[in-house]
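Understanding the architecture of this molecule
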2 protein chains.
Amino acid sequence: MYLILLSGGSGRRLWPLSGDRRSKQFLRLLAGPDGNLQSMLERVSGQIAARLPGVPLCITTAAGQEDLIRAHLRAPADILTEPSRRNTYPAIALSAAWLKDEKKVPDSETVIILPVDPYADDRYFDTLRQMEASVCAREADLLLMGITPTYPSEKYGYMLTGAPCGSSVPVTRFAEKPALEEARALLRAGALWNGGVFACRLGWLLDTVARHSATCRYRDLLNRYDRLEEDSFDRVVVEHAERVACIPYSGLWKDLGTWNTLTEEMGTHTYGNVLTDGTEQRLHALNELDIPLVVMGGQDLVVAAAPDGILVAEKEKTPALKSLLDHLPNTSRYREGPDWQQRTLWDRTGEGRVHHLSVSAGGVCPLPSSDRPRILLMLTGEASLTRQGTPQQCLAPGVPVPLNAHTAYTLHAGAPCACICIEQDH
Amino acid sequence: MYLILLSGGSGRRLWPLSGDRRSKQFLRLLAGPDGNLQSMLERVSGQIAARLPGVPLCITTAAGQEDLIRAHLRAPADILTEPSRRNTYPAIALSAAWLKDEKKVPDSETVIILPVDPYADDRYFDTLRQMEASVCAREADLLLMGITPTYPSEKYGYMLTGAPCGSSVPVTRFAEKPALEEARALLRAGALWNGGVFACRLGWLLDTVARHSATCRYRDLLNRYDRLEEDSFDRVVVEHAERVACIPYSGLWKDLGTWNTLTEEMGTHTYGNVLTDGTEQRLHALNELDIPLVVMGGQDLVVAAAPDGILVAEKEKTPALKSLLDHLPNTSRYREGPDWQQRTLWDRTGEGRVHHLSVSAGGVCPLPSSDRPRILLMLTGEASLTRQGTPQQCLAPGVPVPLNAHTAYTLHAGAPCACICIEQDH
């Protein structure tokens, strides 16, 4: 059994906290077992370590997230980087070929692919074991997880099933994102939600990939990644597979992708510098800025303030946030790595940008090349600078250092260090 | 007739826009006659210029606001600076002595003292003429404006009156900030609100000041300003005066001192970078930050985002804002002059502060002395620096300039100019 976690999920459904450069699986907003806040990736990888110890694990992700993933992982894992951000079919095809060609996993091995962010209880991970058993018993070519619906959602895929066969039930029909009336009818007919978990033998998966993409070699797929069919694994493979079955799962399962669902599972109601008058009802207020947020009254509001912007919303309105944000330019003022954070303090066309960098002791913070010269000023700490890999100089607090245009630098912090980096527009 | 406008009103009742360094009379939030937004001071001084042309005017204010007042004035005026911020009795005593000793105004002249921020219609200013006529006719020693109450407010002073005498009505009793039941009884008894407008002969006022403060000389009062009775003119003088009458006024009059009253008179519902989903009801959203503010839904909310903080409040809760803010440190990240703005982008103890300065062409922006060395970097524009009054150097964009500790500098902008000023903590 080999687990592949698909770590996509960049996007602005949890704006202003999530965005292009900051994926929701890294937001530490959930109550962990020890009382501390944990991220979705910390939670899921911790559950895997507890319920499926020793099962090899691979995280398939976009470039640039490797270091952050490593910082959040609570189980040993390989990290496979996609050459570009595409849909789930290319990511799964690449992962399968990588298992075969690079990890030498045999064709007979069961592979289970799941999203990186299911908010579920431990039984969810026990169900993966049952899916493996069904694959080994050859009850079907492809095993899905069938989640017992809790309401007639219009945003999930549904599966209608036939008579049980062994521990699994054959899937007879798929219905993707039905309208409300159809969703109600599906619930009455006993349909299950498709949880986006796929289990099969690696050999079957490679055959399927070879049929769709003319190859199942890792190097070939890597080279032509940008030309692979950009569609979901559901549409390309699952809906056309001949022998598909599912294992039902009726425990906790939630998609915490929007503020209204996420806040239901948040351990704390306020986070950061927040002051309320005590008359608020069911408020969630998160403030990542270093100015105070004051809330007086209000019912069922979520207020989130972050370097990228400020959201004030009735929770029930937040599923529409992503499309509302189409009216805003997609800029990001926050980046983070495992041991550094960069936030933009000022950004105005014609003037330039001012960034604040915060690096932990021993941390290594990239200063990617820019087409303008910059000024770097260390406020506090100890750090040295390398220029395109070559040691350059030690920084002294209060002494501005010019950085050349078109040159990448790296900051190495000997002690916790804070810097200002100023980039002008002309 | 001589008008004295008392410009106090710093404080946090309109936080985060108003604060210690930014008084509400300078906030440009009201719809002006030309469709542009105007400040309270612009509105009131414009009304005075229109309804009382040629009447000499003095603004009595705290130190540091002179330049801003001048930028907002729409009528010629003298500006008298209080040595320190005290209550209305010291401010009026100083103003009276200044009129006599510095402006050589005769004792027989009628002086009318009013707040800088009455939100009223033009008839309010016509009523000042009637007050002057009553003073000249010696109907009373002291004439007040008696405003017809519109609801049983607990936050105003009330006046009960006797039978009319000429155009005025004698005041028989004062009741300051009554409880709700008493306020209702006062309304039934025909009481009027005390609008804080006082008219009298200058000679009578000086006699009164001499009796209370042992002198009515301007220089004496200036020198002992910090020891003058720190109380309101109402309590020190009005409530003990023998012959007090009022002129009724029943036109528009509002105290726009809190968000719920101010937003009722605001011309626009959103200001700055604000995006809403269209489902909001009676929202007022003001954003002075350069990151977007997104609002989805909500009823009767005011949302204000400024360098000092973020407020999200049900409008009806905002009268309690000032006392809620007692829980927050009283720091300010924004300062402005007539031709410059300074905002703090970053402020963290142990690291220091980063400020952004914006100066108009021809503007002169003070950089007050600091106990730490600073780095000044011009992003764009043309400017030169003087050091304690001595021309120092021209600034070049992108070239950092060290500023000494314990030294005051001034920035002179030849063209619109933007700078970053960085002050470290060690």
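Notes on the structure in this doc start here. (Residues numbered from 1 in each chain as written. Chains lettered and ligands numbered in written order. Predicted model: local features only at pLDDT ≥ 70, side-chain atom pairs only at ≥ 80, totals over all residues. Heavy atoms only, no water.)

Observations concerning the overall build of chain A
Heads up, the rule is: Each helix is a run of DSSP H or I of at least 4 residues and each strand a run of E of at least 2, with the numbering of both proceeding from the N terminus. Here the globule rule is a power law, 2.2 Å times the number of residues to the power 0.38, and the radius of gyration is based on C-alpha atoms. Only heavy atoms enter the contact rule, under which two residues are in contact if any of them lie within 4.5 Å. Accessible areas in this description were obtained via Shrake-Rupley with a 1.4 Å probe; residue shielding takes into account the shown protein chains only. Counting rule applied: Lys, Arg positive; Asp, Glu negative; His and chain ends not counted. Charge positions come from single atoms, namely NZ of Lys, CZ of Arg, CG of Asp or CD of Glu.
What chain A contains, in helices and strands, is 10 helices and 27 strands. In terms of overall size, chain A behaves like a compact globule, its C-alpha atoms giving a radius of gyration of 24 Å where 426 residues would be expected to give roughly 22 Å. Taken along its principal axes, the extent of the C-alpha atoms in chain A is 75 × 55 × 40 Å. Within chain A, counting contacts between residues at least 6 apart in sequence, those at least 24 apart form 65% of the total. Summed over its atoms, the accessible surface of chain A is roughly 17,000 Å², and 47% of this surface lies on carbon and sulfur atoms. Separation between the mean location of the 44 positive side-chain charges and that of the 51 negative ones in chain A comes to 2 Å.

Some details on the packing of aromatic side chains
Residue and element names in this part refer to chain A. How we decide: Planes of paired rings set the category: under 30 degrees apart is stacked, over 60 is edge-to-face and the rest tilted, where pairs are Phe, Tyr or Trp rings (Trp by its six-membered ring) whose centres lie within 6.5 Å. Accessible area is worked out with a 1.4 Å probe on protein chains only. A residue is then buried under 20% of its type maximum, exposed over 50%, and partly exposed in between. For a lysine, the NZ atom is tested; for an arginine, the CZ atom; a charge sits over a ring if that atom is within 6 Å of the ring centre and within 35 degrees of the ring normal.
Inspection of every chain in the model, using the stated rule, returns 16 aromatic pairs over all chains. Look at Phe 198 and Phe 233: their rings are 4.8 Å apart centre to centre, the planes differ by 55 degrees, and that puts the pair in the tilted class. One end of the pair, Phe 198, is in strand S11 (residues 192–201); the other, Phe 233, is in helix H8 (residues 233–236), with 35 residues separating them in the sequence. Each of the two residues, Phe 198 as well as Phe 233, counts as buried. Put simply, the rings of Tyr 151, Tyr 156, Tyr 158, Trp 193 and Trp 253 touch in pairs and so form one group of aromatic residues. Looking at Arg 43, its charged tip hangs above the ring of Tyr 119, at a distance of 3.9 Å from the centre.

Comments concerning unusual backbone geometry
Between A:Trp15 and A:Pro16 the backbone carries a cis peptide bond, its omega angle lying at 5 degrees. Counting through the fold element by element, A:Pro16 comes out in the loop between strand S1 (2–7) and strand S2 (30–31). A positive phi is found at B:His406, a non-glycine position, where the angle reads about 55 degrees. Tracing the backbone shows B:His406 in the loop between strand S26 (401–403) and strand S27 (409–424). Residue classification places B:His406 among the exposed residues on the basis of a relative accessible area of 58%.

Things to note about the environment of B:Val294
The residue B:Val294 is located in strand S17 (residues 293–296) in this model. The exposure class assigned to B:Val294 is buried, which follows from its relative accessible area of 0%. As a C-alpha pair, B:Val294 and B:Ala189 span 105 residues in sequence and 49 Å in three-dimensional space. Beyond its immediate stretch of four places on either side in the chain, B:Val294 contacts A:Trp15, A:Ile310, A:Leu311, A:Val312, A:Leu321, A:Leu324, A:Leu325, A:Leu328 and B:Leu275.

A look at the pairing of strand S16 (residues 284–287) of chain A
Looking down a regular strand, the side chains alternate between one sheet face and the other. Residues and elements named next belong to chain A. Stated formally: At least two bridges found by DSSP between two strands are what make those strands a pair.
The alternating pattern of S16 places His 284 and Leu 286 and Ala 285 and Asn 287 on opposite faces, both of which are buried. One ladder, built from 4 bridges, connects S16 with strand S18 (residues 301–306); its direction is parallel. Its bridge partner lying in S18, Asn 287 is registered against Ala 305.

Describing the relation of the copies chain B and chain A
Heads up, the rule is: Copy-to-copy alignment: least squares on C-alpha atoms, limited to residues at pLDDT 70 or above in both.
The transform that puts chain B on chain A rotates by 180 degrees and translates by 0.0 Å along the axis, for an RMSD of 0.1 Å. Taken together, the rotation and translation describe the operation of a two-fold axis. Judged by C-alpha distance, B:Leu345 is the residue of chain B that lies nearest the rotation axis, at 2.9 Å. The fraction of interface residues of chain B whose copies in chain A are also interface residues reaches 100%, indicating that both copies meet through the same surface.

Re the interface of chain B and chain A
Put simply, the test is: When two parts are put together, the accessible area they lose, computed with a 1.4 Å probe and summed over both, is reported as buried area. Salt bridge, as applied in this entry: a Lys or Arg side-chain nitrogen positioned within 4 Å of an Asp or Glu carboxyl oxygen. N or O atoms closer than or at 3.5 Å make up a polar contact, with two conditions inside protein: a donor-capable atom paired with an acceptor-capable one, and, for residues adjacent in sequence, both atoms drawn from side chains. As a working rule, the residues Ala, Val, Leu, Ile, Met, Phe, Trp, Tyr, Cys and Pro are called nonpolar, Asp, Glu, Lys and Arg charged, and the rest polar, with Gly in that last group.
Facing 59 residues of chain B, the contacting portion of chain A comprises 59 residues. Of the roughly 4,800 Å² buried between chain B and chain A, counting both surfaces, carbon and sulfur atoms make up 70%. Between A:Arg333 and B:Asp290 there is a salt bridge, and its shortest N-O distance comes to 3.2 Å. In this structure, the connection of chain B to chain A is made through 26 residue pairs in polar contact (both at pLDDT 80 or more). Looking at the side of chain B that touches chain A, the element that brings in the most residues is strand S19 (residues 309–314) of chain B, giving 6 residues. For the side of chain B that touches chain A, the per-class residue count stands at 35 nonpolar, 15 polar and 9 charged. Here 4 bridges tie strand S19 (residues 309–314) of chain A to S17(B), and the two strands are oriented parallel to one another. If you follow A:Leu311 over to S17(B), its bridge partner there is B:Val294.

Section: the packing of helix H1 (residues 40–51) of chain A against helix H4 (residues 122–136) of chain A
Residue and element names in this part refer to chain A. Under the convention used in this document: To get an axis, a line is fitted to the C-alpha atoms, and for a helix only the part in contact is used. The angle between two axes follows their N-to-C directions and goes from 0 to 180 degrees. Should an angle fall under 35 degrees it is taken as roughly parallel, and over 145 as roughly antiparallel, whereas 65 to 115 is taken as roughly perpendicular and any remaining angle as oblique. By definition, any crossing whose near helix is turned counterclockwise from its far helix by less than a right angle is left-handed, and any crossing with a clockwise turn is right-handed.
Between H1 and H4, the least distance of the axes is 10 Å, while the angle of their chain directions is 55 degrees. As the angle between them shows, H1 and H4 are arranged oblique. Seen from above, H1 lies across H4 with right-handed handedness. Residues Val 44, Gln 47, Ile 48 and Arg 51 of H1 pack against Asp 122, Phe 125 and Asp 126 of H4.

Regarding the environment of A:Ala31
Residue and element names in this part refer to chain A. Locating Ala 31 in the fold gives a position in strand S2. Residue Ala 31 is classed as partly exposed on the basis of its relative accessible area, which comes to 39%. The sequence separation of Ala 31 and Pro 76 amounts to 45 residues, and the corresponding C-alpha distance is 22 Å. With near-sequence residues (within four places) excluded, Ala 31 lies in contact with Asn 36, Leu 37, Gln 38, Glu 265 and Gly 267.

Re the sheet that holds S17(B)
Working definition: the strands of a sheet are paired by backbone hydrogen bonds and lie parallel or antiparallel to each other. Spatial strand order, S14(A)-S16(A)-S18(A)-S19(A)-S17(B)-S15(B): 6 strands in an open sheet with mixed pairing. Because the sheet does not close on itself, it has two edges, and the strands there are strand S14 (270–272) of chain A together with strand S15 (274–276) of chain B. Put simply, the sheet's adjacent strands are angled 10 degrees from each other on average, direction ignored.

Focus on the pattern of salt bridges
Under the counting rule described, the total for this entry stands at 46 salt bridges over all chains. Residues A:Arg235 and A:Asp231 are paired through a salt bridge, measuring 2.6 Å at the closest nitrogen-oxygen approach. For A:Arg235, a relative accessible area of 39% translates into the label partly exposed. Note that B:Arg184 is salt-bridged to B:Glu181, the shortest N-O span being 2.7 Å. Here B:Glu181 and B:Arg184 lie together in helix H5 (residues 180–188), a separation of 3 residues that amounts to about one turn. The network of salt bridges with common partners includes A:Asp347, A:Arg353, A:Glu423 and A:Asp425.

Re the pairing of S11(A)
All names here are of chain A. The buried count for S11 comes to 8 of 10 residues, which makes it a mostly enclosed element. In terms of strand pairing, strand S8 (residues 142–147) meets S11 through 4 bridges, oriented antiparallel. Looking at the pairing, Gly 146 lines up with Asn 194 of S11. Across 2 bridges, the pairing between strand S9 (residues 157–161) and S11 is antiparallel. Directly across from Met 159, in S11, lies its bridge partner Leu 192.

Details of the sheet that holds strand S16 (residues 284–287) of chain B
Read from one edge to the other, the open sheet built from 6 strands follows the order S15(A)-S17(A)-S19(B)-S18(B)-S16(B)-S14(B), with strand pairing classed as mixed. Two strands close off the open sheet at either side, each with one partner strand: strand S15 (274–276) of chain A together with strand S14 (270–272) of chain B. For this sheet, the mean angle separating the axes of adjacent strands, direction not counted, is 10 degrees.

Focus on the side chain of A:Asp234
All names here are of chain A. Within the secondary structure, Asp 234 is located in helix H8. One buried charged residue, Asp 234, remains without a salt bridge, the closest side chain of opposite sign being Arg 235 at 7.4 Å. Dropping the residues within four chain positions of it, Asp 234 is found in contact with Asn 194, Phe 198 and Glu 239.

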